[in-house]
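Next come the chains, spelled out residue by residue.
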Amino acid sequence: MGVKVPWSEGAAYMDGAYMPIGECRLPVTDWGFTKSDVTYDVVHVWKGAFFRLDEHVARFQASMAGLRMRLPLDAAGIKDVLMGCVRRSGLRDSYVAMVCTRGILPPGPRLPSRATNRFIAYAVPWVWVMPPEMQERGAHLIVAKTPKIPSACIDPTIKNYHWGDMVRALFEVEDSGADSCVLLDLEGNVTEGPGFNVFAVVDGTVVSPDRGALEGITRRTVFDLCAELGVPARVSRMTAAELRDADEIFCSTTAGGIMPVSRIDGRILGNDRPGPVSLRLKDLYWRKHDQGWHATPVDYALPA
Ligand code: PLP
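Residues numbered from 1 in each chain as written. Predicted model: local features only at pLDDT ≥ 70, side-chain atom pairs only at ≥ 80, totals over all residues. Heavy atoms only, no water.

Re the layout of surface pockets
Reported here for the largest pocket is a volume of approximately 540 Å³. Along its surface, the largest pocket is lined by 34 residues, and Y40, K159, W163, G195 and F196 are the ones closest to its centre. Broken down by class, the residue content of the lining of the largest pocket amounts to 16 nonpolar, eleven polar and seven charged. When we break the lining of the largest pocket down by domain, the ones giving at least three residues each are domain 1 (7-125) and domain 2 (132-290). Reported here for the second largest pocket is a volume of approximately 220 Å³. Lining the second largest pocket we find L67, R68, M69, R70, R102, P112, S113, A115, T116 and N117. (1 Å grid on protein atoms, 1.4 Å probe; cavity = no way out; pocket = protein on both sides within 12 Å on 5 of 7 lines; lining within 4 Å. Points joined across faces, edges and corners; volume = space filled by probe spheres on them. Nonpolar A, V, L, I, M, F, W, Y, C, P; charged D, E, K, R; others polar. Domains from an automatic or database assignment.)

And the structure:
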């Protein structure tokens, strides 16, 4: 039955029970697997506290509603399970996922509403979409040739596993020797990257695409930090040329925070290092984490 994975490598919850992450298995006939008919959300725990937990759970519930999924758990119940996973893992820095799959369809008409939706949650060690060394020098991005799946087909504001476009784009990244990429929509507008939102700094204003992307909780945080620093910020349509010509570029995600970029399609931004606005936002982001901003402490002491 394979090697036992310790709880410290992660704790999961599925079908009403907690288990070590290595024992959490999805039946292959679940539509979450066979049809990517699934939504999820990810919140992080940093130094023993969740960041913006209520907002992640609210977005998860909105995503479920968008896919006509229902669970017997309300927001408090979901948060309880997330706490239960982190507590059992003992992890102080953790990537915490909540997942809802369509489930298995019972025999009979092939109508998705007939399935009982399945809730899964897990806490695993912290994940960096871009590791700290890459953030220090600034990430090297390319604009992928693979376009983003159109929003009319898959709503990007519902967090999803339709990553066929992103994975194809990540192979372009590997072939080019870059670190990551941004994807354009079919009209040539910048959308987002594989696991992050994108920002350009143009003449002192922070701009993020207004379409084709997940409404990131970290993106919201970036706008909050801009307001605090008095830096103008807005969402707007953004072409690939506008992104390439930006003074600075940075990315944002729960799994890594605010991540500066130093090259795009080989073009060097500034002095080939993270730009000043990106760095101020990144520093403030982590400083405010340490001050308990939007923090929900994990109670590790409760009996497991
Ligand atoms: N866009 C995509 C496709 C993502 O998967 C993610 C996060 O995983 C983001 C953007 C960033 O969203 P958030 O800041 O809420 O983590």
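Next, the rest of the story.
Examining the pattern of salt bridges
Overall, the coordinates contain 15 salt bridges when judged by the stated rule. Ionic pairing is found between E55 and R220, a salt bridge with its closest N-O pair at 2.9 Å. Taken as a pair, E55 in helix α2 (residues 53-66) and R220 in helix α6 (residues 217-229) lie far apart in primary sequence, 165 residues in all. The class of R220 is partly exposed, set by a relative accessible area of 37%. Notably, a salt bridge pairs R211 with D210, separated by 2.8 Å at the nearest N-O pair. One salt-bridge network, held together by shared partners, links R52, E55, R220 and D224. (Salt bridge = Lys/Arg side-chain N within 4 Å of Asp/Glu carboxyl O. Helix = DSSP H or I, 4+ residues; strand = E, 2+ residues; numbered from the N terminus. Buried < 20%, exposed > 50% of the residue type's maximum accessible area, 1.4 Å probe, protein only.)

Examining the domain arrangement of the chain
For the chain, the assigned domains are domain 1 (7-125) and domain 2 (132-290). Of note, the centres of domain 1 and domain 2, computed from C-alpha atoms alone, are 26 Å apart. With 21 residues of domain 1 at the contact, the number on the domain 2 side is 20 residues. Together domain 1 and domain 2 conceal approximately 1,800 Å² of surface at their shared face, both sides included; 59% is due to carbon and sulfur atoms. Here domain 1 and domain 2 share three salt bridges between them. Taken together, domain 1 and domain 2 are joined by ten residue pairs in polar contact (both at pLDDT 80 or more). Within the residue set of the side of domain 1 that touches domain 2, elements represented by two or more residues are β3 (38-46), α2 and β5 (94-101). (Contact = heavy atoms within 4.5 Å. Buried area = accessible area lost by both parts, 1.4 Å probe. Polar contact = N/O pair within 3.5 Å; in protein donor to acceptor, adjacent residues only side chain to side chain.)

Overview of the packing of aromatic side chains
Each aromatic ring pair is described using two quantities: the centre-to-centre distance and the angle formed by the ring planes. In this structure the tally under the stated criterion is 14 aromatic pairs. A ring pair is formed by Y13 and F119, whose centres lie 6.1 Å apart and whose planes are at 55°; its orientation type is tilted. With a gap of 106 residues between them, Y13 in strand β1 (residues 11-14) and F119 in strand β6 (residues 118-125) connect regions that are remote in the sequence. Given the relative accessible area of 14%, Y13 is considered buried. Arranged with centres 4.6 Å apart and planes meeting at 10°, the rings of F199 and F250 form a pair that is stacked. Placement of the pair is F199 in strand β10 (residues 197-202) and F250 in strand β13 (residues 248-253), with a sequence separation of 51 residues. For the pair F199 and F250, one class covers both residues: buried. Three or more aromatic residues joined by ring pairs make a cluster, and in this case those are W46, F51, W126, W128, Y285, W286 and W293. Note that R88 overlies the ring of Y18, its terminal NZ or CZ placed 3.6 Å from the centroid. When the ring centre of W293 is taken as origin, the NZ or CZ atom of K288, which lies over that ring, is 4.8 Å away. (Phe/Tyr/Trp six-rings, centres within 6.5 Å; stacked < 30°, edge-to-face > 60°. Lys NZ or Arg CZ within 6 Å of the ring centre and 35° of its normal.)

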